[in-house]
Number of protein chains: 2
Amino acid sequence: MKALAIDLGGTKLAVAVFSHDGHIVERAVYPLELRSGAAVGVMITAAVQQMQPHGFDAIGVAVPGISRRQTGTVWAPNIPGWDDYPLLAELRAVAGDIPIHIEGDRSCYIMGEAWQGRAQGCTNAIYLAVGTGIGAGILADGRLLHGAADISGAIGWMALQRPFHHEYVSCGCFESMASGEGIAKAARALIAKDDGYKGMLQHGHLQAKDVFAAYATNDRVAVAVIHQSIELWGMAAANLVSLFNPEKIIFGGGVFGPAAQFIPAITAEAARWAQPVSMGQVKIEAAALQSDAGLYGAAYLAFHA
Amino acid sequence: MKALAIDLGGTKLAVAVFSHDGHIVERAVYPLELRSGAAVGVMITAAVQQMQPHGFDAIGVAVPGISRRQTGTVWAPNIPGWDDYPLLAELRAVAGDIPIHIEGDRSCYIMGEAWQGRAQGCTNAIYLAVGTGIGAGILADGRLLHGAADISGAIGWMALQRPFHHEYVSCGCFESMASGEGIAKAARALIAKDDGYKGMLQHGHLQAKDVFAAYATNDRVAVAVIHQSIELWGMAAANLVSLFNPEKIIFGGGVFGPAAQFIPAITAEAARWAQPVSMGQVKIEAAALQSDAGLYGAAYLAFHA
């Protein structure tokens, strides 16, 4: 048995044919190149057809947003025209009656790690995806958590610092401070207040990766921003530990990569806040599958759809 | 079909025989009177035998702590000698082979409200129990959330205010500020700093109910403490909304009663912090079943054990 995994991102489409034991038989990547709406759908169905000669019995799809399971439609905020896109119907039109499972990307990340990565053997595990934004994929008591309308895991909105600040309005308290965007914004704010600063972060298009690079040189702005991020990541992990009593919390996502070095510090911070018995039962780790986590999770869900 | 519901609290034991449609056929309450260890077990099995003439086909038990489902044992921190108490074996000895379900009290509260209270028809609903401490019972995608070792829902440990403060060590950030104990402590701390205060809270054994009473007279200490509690309850509710995407959040517990008047203010505070789409799908309400929530939940779990 083989499965076709599809990982739709904000800038590219990745597809791969998986064997049942988790090996990638064939893969391809296509840049979206500013496509929107139905043009993205055409790209996906064309990719499915291109992979059909390799043979597969099920399809799993990771989408950058919400999969509305009742309607088979997708909300993807970074793809124009994908407010309620009929992806399931379009896939059915080219793939016929094989099982098709569409899931939000953060849920695919945790299932990928549970299948082939750091959360193998876990029935309670959470993937905290730190990218441009922040979200969580939650495996609880052996099942993906969905919620009333499939929008569970919106952990970027977690309240971690009172009182309320107007910056939290657009993307939430945690995300506004500790996402890729939040890290860059925090660094810019510190530089603006620091008249004597002459460090390497004094340029126009500051990104989180620049802050990680500057941290390695002991840059004072970067050190302050990273310490704040570690505190916030630790608090968020603690809150997941106390609420879910998981076996693993996996940190990953497009921005987090260089922050794997901070896992011990994040764990120490979490241990200050979390329910102590649950804290003793969890391991906090960096993701194993990197940018393939979505593909692996989509493949797993296809095999179990 | 009838069920025997048992609600073990820190100070009393309540038992009731329920009909399948949710009516209480017979009930009794026994004060624990400082019993501990096996004496509490004897009291429970005696109560079961006393109710046997009324006939029941299943037993549900709410315990003030953690039900370890794998071993059938109970951890109840406020009952001396109940670190790992073999309650299931003792119940089996008197009740024989009928279904027996033992569950933590906060999980019983949400199942009680889902069966006969404010969360009827919900598949995603959370009971936030504000008593001496704070805990949450979580119904997610139609199932009670348990976690790796049955200690999910320890929301009293939720991190809501950085930096870390030594007061959080013993019971967690949220609980240290917004539980019954936390409210009394916050009032005492404000009075100690307020030289000119001559209000009604100037006495030795201040409790949360005194703060609620003083709030009604516009007492300045009580107003400040209640406003802080509303902010923290709202933030915690918001975090549950963002993570779980529930249909209902129910506030209840032994201390919360008089705070039902603050539900609109708590909802407004939650709406500032929570993921906005999820916030639009949730209702925040006060509990309907009051002190019987544990009995109702235990009965429901007995019928479905």
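Residues numbered from 1 in each chain as written. Chains lettered and ligands numbered in written order. Predicted model: local features only at pLDDT ≥ 70, side-chain atom pairs only at ≥ 80, totals over all residues. Heavy atoms only, no water.

Chain A goes by ROK family protein in an unreviewed UniProt entry, where it is assigned to Chitinophaga lutea. Within the UniProt record for chain A, the comment given under Sequence similarities (unreviewed entry) is "Belongs to the ROK (NagC/XylR) family." (UniProt positions renumbered as here; feature names shortened; annotations may be inferred.)

Colleague: Could you clarify how one ought to interpret the pairing of strand S11 (residues 248-252) of chain B in this entry?
Modeller: Regular strands show a simple pattern: their side chains alternate between the two faces of the sheet. Residues and elements named next belong to chain B. The element S11 is extensively covered by neighbouring structure, given that five of its five residues are classed as buried. Of the two faces of S11, both are covered, the one formed by Lys248, Ile250 and Gly252 as well as the one formed by Ile249 and Phe251. In this structure, strand S8 (residues 125-130) lies alongside S11, joined through five bridges in parallel fashion. For alanine 125, the partnering residue across the bridge sits in S11 and is lysine 248. (Buried < 20%, exposed > 50% of the residue type's maximum accessible area, 1.4 Å probe, protein only. Helix = DSSP H or I, 4+ residues; strand = E, 2+ residues; numbered from the N terminus. Pairing = 2+ DSSP bridges.)

Colleague: What's the story with the pairing of strand S3 (residues 24-31) of chain B in this structure? I'm lost.
Modeller: Residue and element names in this part refer to chain B. As paired elements, strand S2 (residues 12-19) and S3 share seven bridges and run antiparallel to each other. Across the sheet, the residue bridging to leucine 13 is tyrosine 30, located in S3. The loop that links S2 with its antiparallel partner S3 comprises four residues; one of these, glycine 22, has a positive phi angle of about 95°.

Colleague: I'm lost on the relation of the copies chain B and chain A in this one. Help?
Modeller: The operation linking the two copies of the chain is a rotation about an axis combined with a translation along the axis. Rotating chain B by 180° and moving it 0.0 Å along the rotation axis overlays it on chain A with an RMSD of 0.0 Å. With respect to symmetry, the two chain copies, as superposed, fit the operation of a two-fold axis. (Least-squares fit on C-alpha atoms with pLDDT ≥ 70 in both.)

Colleague: I keep staring at the interface of chain B and chain A and nothing clicks. Help me out?
Modeller: Size of an interface: often given as the accessible area lost when the parts come together. At the junction of the two partners, chain B supplies 48 residues and chain A supplies 48 residues. Buried surface at the junction of chain B and chain A, both sides included, amounts to about 4200 Å², of which 58% is carbon and sulfur. When the buried surface of chain B facing chain A is broken down by residue, Arg162, Leu243 and Trp273 of chain B rank first, second and third, together holding 21% of it. Our count for the contact surface shared by chain B and chain A stands at two salt bridges. A salt bridge links glutamate 231 of chain A to arginine 162 of chain B; its shortest N-O distance comes to 3.2 Å. There are 24 residue pairs in polar contact (both at pLDDT 80 or more) connecting chain B and chain A. Residue contributions to the side of chain B that touches chain A peak at nine residues, all from helix H7 (residues 220-244) of chain B. For the side of chain B that touches chain A, the per-class residue count stands at 28 nonpolar, 13 polar and seven charged. (Contact = heavy atoms within 4.5 Å. Buried area = accessible area lost by both parts, 1.4 Å probe. Salt bridge = Lys/Arg side-chain N within 4 Å of Asp/Glu carboxyl O. Polar contact = N/O pair within 3.5 Å; in protein donor to acceptor, adjacent residues only side chain to side chain. Nonpolar A, V, L, I, M, F, W, Y, C, P; charged D, E, K, R; others polar.)

Colleague: Before we go on, may I ask you to explain the sheet that holds strand S11 (residues 248-252) of chain A in this structure?
Modeller: Either a parallel or an antiparallel arrangement is found when strands of a sheet pair, and the pairing is made through backbone hydrogen bonds. Residues and elements named next belong to chain A. Strand order across the open sheet formed by five strands is S10-S9-S8-S11-S12, with mixed pairing between neighbours. Each of the sheet's edge strands pairs with one partner strand only, and the pair in question is strand S10 (143-144) and strand S12 (283-286). Of the pairings in the sheet, the one linking strand S9 (residues 134-140) to S10 comprises two bridges and is antiparallel in character. Bridge pairing in S10 places alanine 140 opposite arginine 143.

Colleague: Explain the side chain of glutamate 231 of chain A here, please?
Modeller: Turning to its location among the elements, glutamate 231 of chain A is positioned in helix H7 (residues 220-244). You can call glutamate 231 of chain A buried: its relative accessible area is 15%. If sequence neighbours within four positions are ignored, glutamate 231 of chain A has contacts with Glu269 of chain A together with Arg162, Pro163 and Phe164 of chain B.

Colleague: Would you mind going over the packing of helix H5 (residues 180-193) of chain A against H7 of chain A with me for this structure?
Modeller: How two helices sit against one another is set out by the angle between their axes and by the gap between those axes. Residue and element names in this part refer to chain A. The geometry of H5 relative to H7 is characterised by a closest axis approach of 9 Å and an angle of 140° between their N-to-C directions. With respect to H7, the element H5 is oriented oblique. Crossing handedness for the pair H5 and H7: right-handed. Here Ile183, Ala186, Ala187, Leu190 and Ile191 of H5 come into contact with H7, specifically with Val221, Ala224, Val225, Gln228, Ser229 and Trp233. For the contact of H5 with H7, the residue count by class is nine nonpolar, two polar and no charged. (Axes fitted to C-alpha atoms, helices over the stretch in contact; angles between N-to-C directions. Parallel < 35°, antiparallel > 145°, perpendicular 65-115°, else oblique. Left-handed = near helix turned anticlockwise from the far one by under 90°.)

Colleague: Is there a simple way to think about the sheet that holds strand S2 (residues 12-19) of chain A in this case?
Modeller: All names here are of chain A. If you walk across this open sheet you meet the five strands as S3-S2-S1-S4-S7, and the pairing is mixed. Every interior strand has two partners, whereas the edge strands, strand S3 (24-31) and strand S7 (100-104), have only one. Here the strands of the sheet are splayed against their neighbours by 15° on average, with no regard to which way each runs. Here strand S1 (residues 2-8) runs beside S2; their pairing, made up of seven bridges, is antiparallel. Bridged to leucine 4 within S2 is valine 17. Of the strands in this sheet, S1, strand S4 (58-63) and S7 touch helix H2 (residues 87-95), which is tilted by about 150° from S7. Helix H10 (residues 293-303) contacts S1, S2, S3, S4 and S7 of the sheet and is inclined by roughly 135° relative to S1.

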